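Structural features, examined
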Amino acid sequence: MRGIVLAGGSGTRLHPMTLAASKQLLPVYDKPMVYYPLSALMLAGAREILIISTPDDLPAFKRLLGSGAQWGVSLSYAEQPRPDGLAQAYTIGAPFVEGHNSALVLGDNIFYGHGLTDSLSVASAREEGATVFAYHVKDPERYGVVEFDWDGKAISLEEKPVHPKSSWAVTGLYFYDTRAPEYAASLKPSPRGEFEITDLNRIYLEAGKLNVERLGRGFAWLDTGTPASLLEAAQYVQAIEQRQGQRVACLEEIAFTQGWIDAEAIRDAAKRLSKSGYGAYLLQVLKEAESPKPKRV
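Residues numbered from 1 in each chain as written. Predicted model: local features only at pLDDT ≥ 70, side-chain atom pairs only at ≥ 80, totals over all residues. Heavy atoms only, no water.

Take unusual backbone geometry next. Cis geometry marks the peptide bond from His 15 to Pro 16, where omega comes out at 10°. Topologically, Pro 16 is positioned in the loop between strand 1 (2-6) and strand 2 (27-28). In the Ramachandran plot, Tyr 29 falls in the positive-phi region, its phi being about 60° despite a non-glycine side chain. Along the chain, Tyr 29 falls in the loop between strand 2 and strand 3 (31-32). Overall, Tyr 29 belongs to the partly exposed group, its relative accessible area being 35%. In this structure, Lys 160 is a non-glycine residue whose phi angle is positive, near 45°. Position of Lys 160 among the secondary structure elements: in the loop between strand 10 (154-159) and strand 11 (168-176). (Helix = DSSP H or I, 4+ residues; strand = E, 2+ residues; numbered from the N terminus. Buried < 20%, exposed > 50% of the residue type's maximum accessible area, 1.4 Å probe, protein only.)

Structure below.
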């Protein structure tokens, strides 16, 4: 499976913070925002990942992320000249995902919760159709909304409806089979002038091949598109990390756990980041991994 991070747009709701920097490069507590969606793809098992951003911002992403070798992944880059809708990721990324199932994640979305890795693994293992994740929100009119029947089966999708048929919003993480680029190329612009991801999902729904997984109360889905939500996300991550002593979206830790990098790579990363708490945490990860495990009685 291949992954796409869509990190384009102009971030107008975050002006003036984003007048000179991409929204997805802003910090969310102790790491750049783009680390969080990258972590979701890595937890889903994606090792070949395409970063899509604006022509102005791509050089900064390349400086930050490089080739991805430090995390045992391969990163590629592509330009989105204009923010013409989320589904545009599959026309831009068509050559990258050709012949492969794929996952698309929005660069300003954060996912966290017990069992998340299992949910991602189930979605990535499906060879046919599409899988999206729904989350109960108090303001569904801001999102794509999914309606369920009495048996819990998805029966309709609407993009930012004035009168939502449910409070279940479709999150910014989507899994698709090999037909996604073909379907995306067939889409027409919406009245907003964009190629809507909801229209792509609706093609799968109408074909009876859309799986909708509901994220329950044990999960957090954070959208960092406004100053208030950006602050809330940072405070959430801070609370989790200080309470548990574990980092959220530590890419080196994920890669090490997945077996994609070895202990020496962790030591090298810790040395480079030795003056930060992040570097100290990597040494802690290594120490715990190398400590003898208690024997079972």
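Another point: the environment of Pro 181. Looking at the element boundaries, Pro 181 is found in helix 6 (residues 180-185). Of the residues examined, Pro 181 reaches a relative accessible area of 15% and is grouped as buried. On a C-alpha basis, the gap between Pro 181 and Leu 200 in space is 9.6 Å, while along the polypeptide they are 19 residues apart. Apart from residues lying up to four places away in sequence, Pro 181 is in contact with Tyr 90, Ala 94 and Val 97. (Contact = heavy atoms within 4.5 Å.)

Before going further, it helps to examine the pairing of strand 6 (residues 102-106). Most of strand 6 is tucked away, with five of its five residues classed as buried. A two-sided burial pattern is seen for strand 6, the buried positions comprising Ser 102, Leu 104 and Leu 106 on one face and Ala 103 and Val 105 on the other. As defined by bridge partners, strand 1 adjoins strand 6 across five bridges and the pair is classed as parallel. Along strand 6, the bridge assignment pairs Ile 4 with Leu 104. Pairing geometry for strand 6 and strand 11, over four bridges, is antiparallel. When the sheet's bridge partners are listed, Leu 104 is paired in strand 11 with Tyr 174. (Pairing = 2+ DSSP bridges.)

For strand 11, the buried fraction is high: nine of the nine residues fall into the buried class. Judged from the six bridges that link them, strand 8 (residues 130-136) and strand 11 form a sheet pairing that is antiparallel. Bridge pairing links Ala 130 to Tyr 176 in strand 11.

The subject of this paragraph is the pattern of salt bridges. As enumerated under the stated definition, the model contains 17 salt bridges in all. We note a salt bridge from Glu 241 to Lys 31, for which the minimum N-O separation is 3.0 Å. With a gap of 210 residues between them, Glu 241 in helix 8 (residues 227-244) and Lys 31 in strand 3 connect regions that are remote in the sequence. One salt bridge connects Arg 82 with Asp 84, and the closest N-O pair in it is separated by 3.3 Å. A residue is classified by how much of its surface remains accessible, and Arg 82, at 52% relative accessible area, is exposed. It is possible to trace a salt-bridge network through shared partners that takes in Asp 30, Lys 31, Glu 241 and Arg 247. (Salt bridge = Lys/Arg side-chain N within 4 Å of Asp/Glu carboxyl O.)

This next bit is on the side chain of Thr 171. By the element assignment, Thr 171 lies in strand 11. Every residue in contact with Thr 171, bar those within four places of it in the chain, is listed here: Asn 109, Phe 111, Phe 133, Ala 134, Tyr 135, Leu 215 and Trp 221.

Summarising the element assignment, Glu 141 is placed in the loop between strand 8 and strand 9 (144-148). Between the C-alpha atoms of Glu 141 and Leu 200, which are 59 residues apart in sequence, the distance is 19 Å.

At their nearest, the axes of helix 9 (residues 251-258) and helix 11 (residues 277-290) sit 10 Å apart, and the two run at 20° to each other. Taken together, helix 9 and helix 11 sit at an angle that is classed as roughly parallel. Crossing handedness for the pair helix 9 and helix 11: right-handed. Contacts from Leu 251, Glu 252, Glu 253 and Phe 256 of helix 9 reach helix 11 at Tyr 278, Tyr 281, Leu 282, Val 285, Leu 286 and Ala 289. A per-class count over the contact of helix 9 with helix 11 returns eight nonpolar, no polar and two charged. (Axes fitted to C-alpha atoms, helices over the stretch in contact; angles between N-to-C directions. Parallel < 35°, antiparallel > 145°, perpendicular 65-115°, else oblique. Left-handed = near helix turned anticlockwise from the far one by under 90°. Nonpolar A, V, L, I, M, F, W, Y, C, P; charged D, E, K, R; others polar.)

Turning to helix 10 (residues 263-272), a few remarks are in order. For helix 10, the full list of buried residues reads Ala 263, Ile 266, Ala 269 and Ala 270. Buried residues along helix 10 cover an arc of 120° about the axis, so they all sit on one side. In helix 10, the exposed positions that point more than 90 degrees away from the buried face belong to Lys 271 and Arg 272. (Arc of directions from axis to C-beta.)

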